[in-house]
Each structure stands twice: as C-alpha cells, then as structure tokens.
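Now for the letters of each chain:
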Amino acid sequence: MARALEEAERAAESGEVPVGAVLVAADGTCLASCHNAPIAQHDPTAHAEIRALRAAGERLGNYRLPGTTLYVTLEPCSMCAGAMIHARVGRLVFGATDPRTGAAGGALDLIEHPSHNHHIEVLRGVRGEEAGERLRRFFRARRGVSSP
Ligand SMILES: [Zn+2]
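Residues numbered from 1 in each chain as written. Predicted model: local features only at pLDDT ≥ 70, side-chain atom pairs only at ≥ 80, totals over all residues. Heavy atoms only, no water.

### Considering helix 5 (residues 128-143)
One turn of an α-helix holds 3.6 residues; hence residues three or four places apart share an orientation. Along its 16 residues, helix 5 runs 22 Å from first to last C-alpha, staying within 8% of the 22 Å computed at 1.5 Å per residue. Buried within helix 5 we find Gly 128, Ala 131, Gly 132, Arg 134, Leu 135, Phe 138 and Arg 140. In this structure, the buried side of helix 5 is in contact with helix 1 (2-13), strand 3 (69-74) and strand 4 (91-96). (Helix = DSSP H or I, 4+ residues; strand = E, 2+ residues; numbered from the N terminus. Expected span 1.5 Å × (residues − 1). Buried < 20%, exposed > 50% of the residue type's maximum accessible area, 1.4 Å probe, protein only. Contact = heavy atoms within 4.5 Å.)

Here is the structure:
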C-alpha cells in the first residue's frame, strides 16, 4: 500500500486525481505499479487499477490473473471492479472508501455481488485516512480553496 500511495502522489504531480494501484502475484512478485492517468492518456479507462491489470496481463501473457492481490488507494469504481472480476483477481485491498462511485460497498457492491461465480476477498480501509486526505487535498487545491 505504501507503493500505491507513492503512485497516487505521482498522479497528483501530473494533475491527475491521486489514485495509485499495485498488483502483486501470489508469490509476492510485484507485477505492476500504476497511477491514474485518464487526462494524460486521453482515455477514460486509464484508471490506476485498469492500467495495473493491463500491464500485468501483458507481462504474464494472460488476461487471467488468479491469486493476485490488487492494492489501490481508493475504492474501485464499477469499471475497475468489473475488470477485476474478469481478471480473476484473488484479493482486493483498498484505502479510502468512495461513497459516490465505489463499487466495493461504498456506493454499490459489484465485488461481492451474489451473481458472480468468482469471489474476491476484500480488505477495506488500509491506510484509508491517508489516501482520503491526499484526495481531499488535491480537490481543495484544484478548487483553489484552502479550507475543507
Ligand atoms: Zn476505476
């Protein structure tokens, strides 16, 4: 998660919403480490999680990534949650909860939806305060407001 937070910082430095994701294989190998980049890539799907899944898929030559753990600083949106299910990610560890668009229980729950036959283990709130504060700081700065 420390590395995912560093990635989030990198996103903020390039003016992107600070979200970072790291995908780790079952044996502990880091497969991908990415940040949010839809603005730079002119791509609405360039969320940190999607970029990490893509990079890992290319690296392994397989779109299925069983046994992997995805660490992400913010609760995944419905697009990313869907991609994680397609990729058969084993475990999701996320930081801040997103009550607006979170799809792992924050706004809706796609990850643990009973219709899926693939189950992803979820761990919430890991360094969530820190990740949430980084996001709030980013949006405050973008609005040009100094108070919350
Ligand atoms: Zn997303």
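Read on for the rest.
### So, the pattern of salt bridges
Taken as a whole and judged by the stated rule, the model has 8 salt bridges. In this structure, Asp 43 and Arg 54 form a salt bridge, with 3.9 Å as the shortest nitrogen-oxygen distance. One end of the pair, Asp 43, is in the loop between helix 2 (38-41) and helix 3 (48-60); the other, Arg 54, is in helix 3, with 11 residues separating them in the sequence. Glu 121 is the salt-bridge partner of Arg 91, the closest N and O atoms lying 3.5 Å from each other. Of this pair, Arg 91 sits in strand 4 while Glu 121 is found in strand 5 (residues 121-123), placing the two residues 30 residues apart along the sequence. Overall, Arg 91 belongs to the partly exposed group, its relative accessible area being 24%. Through salt bridges with shared partners, a single network forms among Glu 133, Arg 136 and Arg 140. (Salt bridge = Lys/Arg side-chain N within 4 Å of Asp/Glu carboxyl O.)

### Remarks on the pairing of strand 1 (residues 20-24)
Side-chain direction in a regular strand flips from residue to residue, so the side chains alternate between the two faces of the sheet. A large share of strand 1 lies buried, amounting to 5 of its 5 residues. Burial along strand 1 is two-sided: Gly 20, Val 22 and Val 24 and Ala 21 and Leu 23, pointing in opposite directions, are all buried. Here 5 bridges tie strand 1 to strand 2 (residues 30-35), and the two strands are oriented antiparallel to one another. In the sheet register, Gly 20 faces strand 2, and the bridge partner there is His 35. In this antiparallel pair of consecutive strands, strand 1 and strand 2, the connection spans 5 residues, and Gly 28 shows a positive phi of 95°. (Pairing = 2+ DSSP bridges.)

### Focus on the side chain of Glu 16
Along the polypeptide, Glu 16 turns up in the loop between helix 1 and strand 1. Although Glu 16 is buried, it makes no salt bridge; Arg 51 carries the closest opposite charge, 7.4 Å away. Side-chain polar atoms of Glu 16 contact the backbone nitrogen of Ile 39, separated by 3.1 Å. Polar side-chain contacts of Glu 16 include one of 2.7 Å to the backbone nitrogen of Ala 40. The contacts of Glu 16, once residues within four sequence positions are left out, are Ala 11, Asn 36, Ala 37, Pro 38, Ile 39, Ala 40 and Phe 138. (Lys, Arg positive; Asp, Glu negative; His and termini not counted. Polar contact = N/O pair within 3.5 Å; in protein donor to acceptor, adjacent residues only side chain to side chain.)

### Focus on the packing of aromatic side chains
Aromatic ring pairs: the centre-centre distance and the angle between the two ring planes describe each pair. Counted under the stated rule, the structure contains 1 aromatic pair. Ring centres 5.3 Å apart and planes at 80° place the aromatic pair Phe 138 and Phe 139 in the edge-to-face group. Taking relative accessible area as the criterion, Phe 138 reaches 8% and is therefore assigned buried. The exposure class assigned to Phe 139 is partly exposed, which follows from its relative accessible area of 30%. (Phe/Tyr/Trp six-rings, centres within 6.5 Å; stacked < 30°, edge-to-face > 60°.)

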